[in-house]
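Secondary and tertiary structure notes
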Amino acid sequence: MLRRLALCSRFKVATGSALSRISPHFTRAASQAKYFPAICSPFRNTAVRHWSNIPFITVPLTRTHGKSFAHRSELKHAKRIVVKLGSAVVTRGDECGLALGRLASIVEQVAVLQNQGREMMIVTSGAVAFGKQRLRHEILLSQSVRQALHSGQNQLKEMSVPVLEARACAAAGQSGLMALYEAMFTQYSTCTAQILVTNLDFHDDQKRRNLNSTLHELLRMNIVPIINTNDAVVPPPEPNSDLQGVISIKDNDSLAARLAVEMKADLLIALSDVEGLYDSPPGSDDAKLIDIFYPGDQQSITYGTKSRVGIGGMEAKVKAALWALQGGTSVVIANGTHPKVTGHVITDIVEGKKVGTFFSEVKPAGPTVEQQTEMARHGGRVLAALLPEQRSEIICHLADLLTEKKDDILAANKKDMEVAVSGGKLSPPMLKRLSLSTAKLNSLAIGLRQIAVSSRDSVGQVLRRTRVANNLELEQITVPIGVLLVIFESRPDCLPQVAALAIASGNALLLKGGKEASNTNQTLHQLTQEALSIHGVKDAVQLVSTREEVEDLCRLDKMIDLIIPRGSSQLVRDIQRAAKGIPVLGHSEGICHVYIDSEASVDKAIKIIRDSKCDYPAACNAMETLLVHRDLLRTPVFDQIIDMLRVERVKIHAGPRFASYLTFSPSEVKSLRTEYGDLECCIEVVDSMQEAIDHIHKYGSSHTDVIVTENEETAEQFLQQLDSACVFWNASTRFSDGYRFGLGAEVGISTARIHARGPVGLEGLLTTKWVLKGDGHTVADFSEQGSMKYIHENIPVIQRSSS
């Protein structure tokens, strides 16, 4: 009796100390328990809550069950959700004890969704592992006591633990497992209830009705049911016992599927120790994760071995998932053990993000985005192998199509404009970007022909030649980057520009345009593929028209080599955050400055300011801050500048120093780092050209900055010292553009400190490779005992003729 009390005390202490070491998710919640008392009331208010700095808002979720969701984006509408936790998710690597950190993260996510108004159920493994831990502890303690009593007569022998029977472990571990869940959920004021079932409970109609009634009542009271097979008494599974559409409870996968259908759940999330379903065993060289799995695709799958624990395996998971899908429940199989994603895997799935394998009954007519990327990569390699003249011919043909098919393009654009205007969601500047005209198409065609000419000296150009040794020559040659993903908003004219640059540089291209320009983009893409078809490389440029989210595209780090965002600063920032494994070429903001020096020409200043701010205020190269030398205040020059801005209806915000000079000033700026994107700008006062430079370095975005002055020495110092991608003297910021620079077009503007800055044209889409040509040379030839010496002699590069 005393020993049992000691064991209970040790278990309570062990559980408490384990909880204190749980992941930050749980410890953070535990620390907030004093603010949110652990009251397990089924009738608590679930309107608006804040735990772990996450707003919990009750979302009105209504859905008629009967058919599974067709697309991931619809998962956010799931109201009733079953989360199945596999043995590998719940248990530690040594299979003795629970993975407390992972469990805490999962509990937090379930609580998040529960307090959004969803109905959450958990099907869990782990009782056997928890019981094994407890029983091993008890056996080792008993052995140590016995050996201590007999230590005077015999030497201590090495203690060994006998093989423990699973049912006994389950009986010893189930109560502790539920106590742990209860303790964790209590931190979120969420109540739980335990339900143990066996296969027989589903074959007996009365027991099934009782189970169904109990679960519905628990969900009605806002309680999270935690369901497990009663492993202490469960009989061994019978092979091939699925009869007449009823799946037997062989493991927790089939249990979760059976419960999900029985309870008419909208979504079943099955967490395991693999990323999802692969077309061949995970870890094999050619294994590919299947994003969406459709009934009938089973023949294309080769299953591997089962996980380190559990009795299911992937084949059982797929069978259970398809059974649930047939019953009207959507299914996602995902990894619940990855340390970097465990803390948000469930909420990511419910938000519709591309996580794991999604089971769908609706097969899209076209290829998936992964298939499109593969097609683009293959087509891009064929494109890069074409002769420069052939790539030039494709671009010229596309330029001709822009004018020949202008009626089709403008008709498609008219449809987009009508939808945008009637919707009323686009601002006037965005509508201007969306609109196409005959003049715009003609300008596009001219730019494309410029690209066609320059493309003849792009891919395969020798930049450097070195004679390393006799008969050993090294060349550095330009090559395409690979697969480009260009994401753009509103501007459909971006599509042919970027396509022409990709074709000229031999790059594969994946395009994701805004839905507001879907008709125009579709027409322009068809013309692009028509031009590519003249040399059999139609697949090199792909337009993503599926429901792929930008964040999901940014996860294709093994397929995409460079992302180029073209759109709002918010779009660029979102992509830079999402694309953790893929380089991003772009600028997050366009905070461009114009500095009016004390020796500026008033006529030039007014002309440049008007053009920089008013020509196209929504552009990223529009002026946002006007810096004025202090000596110009209260002079006719300054008065004329202010009068011009008022006539142009530009709203003026005063910088802190400018405001201090005025008795009645415009509204003072909230931040000197503001990109207005409209007829608004900030005016600030500086004491010198050097102070203007310091201001731009502190508050600018390294995009485009201008000095207006007649003093050549001052101008040269400004141009030399200012570290921006584009620096101008007596010229409008609006010249920062690929077409105006003579690049034909630009794929985007970069403010990054990489190989391309400012407007990025053809050269910015190229990288290099080294080609070494020898005659049986080895490094050993150049050792101290070798017969050869390094020369490293530069060889003149013969420029290829562009004619």
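Residues numbered from 1 in each chain as written. Predicted model: local features only at pLDDT ≥ 70, side-chain atom pairs only at ≥ 80, totals over all residues. Heavy atoms only, no water.

Some remarks on the pattern of salt bridges
- Scanning the model with the defined rule gives 30 salt bridges in all.
- Taking the shortest distance from any N to any O, the salt bridge between K288 and E374 comes out at 3.9 Å. Of this pair, K288 sits in the loop between β7 (267-272) and β8 (292-293) while E374 sits in helix α12 (residues 369-385), and the two are 86 residues apart along the sequence.
- Across the pair R657 and E691 runs a salt bridge whose closest N-O atoms are separated by 2.5 Å. Linking R657 in helix α23 (residues 656-660) with E691 in helix α24 (residues 689-699), this pair joins segments that are 34 residues apart in sequence.
- Residue classification places R657 among the partly exposed positions, given a relative accessible area of 27%.
- Three or more residues joined by partner-sharing salt bridges are found here, namely R465, R467, E473, E475 and E793. (Salt bridge = Lys/Arg side-chain N within 4 Å of Asp/Glu carboxyl O. Helix = DSSP H or I, 4+ residues; strand = E, 2+ residues; numbered from the N terminus. Buried < 20%, exposed > 50% of the residue type's maximum accessible area, 1.4 Å probe, protein only.)

Description of the pairing of strand β3 (residues 80-85)
- Taken across its six residues, β3 has six buried, putting it largely inside the fold.
- Residues R80, V82 and K84 line one face of β3 and the alternating positions I81, V83 and L85 line the opposite face, and both faces are buried.
- Pairing analysis gives five bridges linking β3 to β7, with the strands arranged parallel. By the bridge assignment, K84 is partnered in β7 with A270. (Pairing = 2+ DSSP bridges.)

Description of the sheet that holds strand β14 (residues 508-513)
- Reading across from one edge, β15-β14-β13-β16 is the order of the four strands in this open sheet, with parallel pairing throughout. Every interior strand has two partners, whereas the edge strands, β15 (541-543) and β16 (562-566), have only one. Neighbouring strand axes in the sheet, compared pairwise and without regard to direction, differ in orientation by 20 degrees on average.
- Relative to β16, strand β13 (residues 483-488) is paired through five bridges, and the arrangement is parallel. Opposite L484, over in β16, you have L562 as the bridge partner.
- Running at roughly 145 degrees to β14, α12 makes contact with β13, β14 and β15 of the sheet. (Axes fitted to C-alpha atoms, helices over the stretch in contact; angles between N-to-C directions. Contact = heavy atoms within 4.5 Å.)

Considering the pairing of β13
- Among the six residues of β13, six are classified as buried, and the element is accordingly described as predominantly covered.
- Of the two faces of β13, both are covered, the one formed by V483, L485 and I487 as well as the one formed by L484, V486 and F488.
- By the bridge criterion, six bridges tie β13 to β14 in an arrangement that is parallel. Residue pairing across strands places I487 opposite K512, the latter belonging to β14.
- As a crossover connection, the stretch from β13 through helix α17 (residues 494-505) into β14 is right-handed. (Right-handed = clockwise from strand over helix to strand, strands pointing away.)

Remarks on helix α8 (residues 205-220)
- Helix length check: α8 (16 residues) gives 22 Å between terminal C-alpha atoms against 22 Å at 1.5 Å per residue, within 8%.
- Of all the residues in α8, the buried ones are L211, N212, L215, L218 and L219. Looking straight down α8, one finds its buried side chains confined to an arc of 130 degrees; they lie on one side. Among the exposed residues of α8, those oriented more than 90 degrees off its buried face are R209 and R220.
- Structurally, α8 contributes buried residues whose contacts are with β3, β4 (119-124), β5 (192-197), α7 (200-203), β6 (224-229) and α9 (252-262).
- The residue sitting at the N-terminus of α8 and contributing the capping side-chain oxygen is D204; that oxygen lies 3.0 Å from the backbone nitrogen of Q206.
- Positive backbone phi, approximately 65 degrees, marks N222, located one or two places after α8. (Expected span 1.5 Å × (residues − 1). Arc of directions from axis to C-beta. Polar contact = N/O pair within 3.5 Å; in protein donor to acceptor, adjacent residues only side chain to side chain.)

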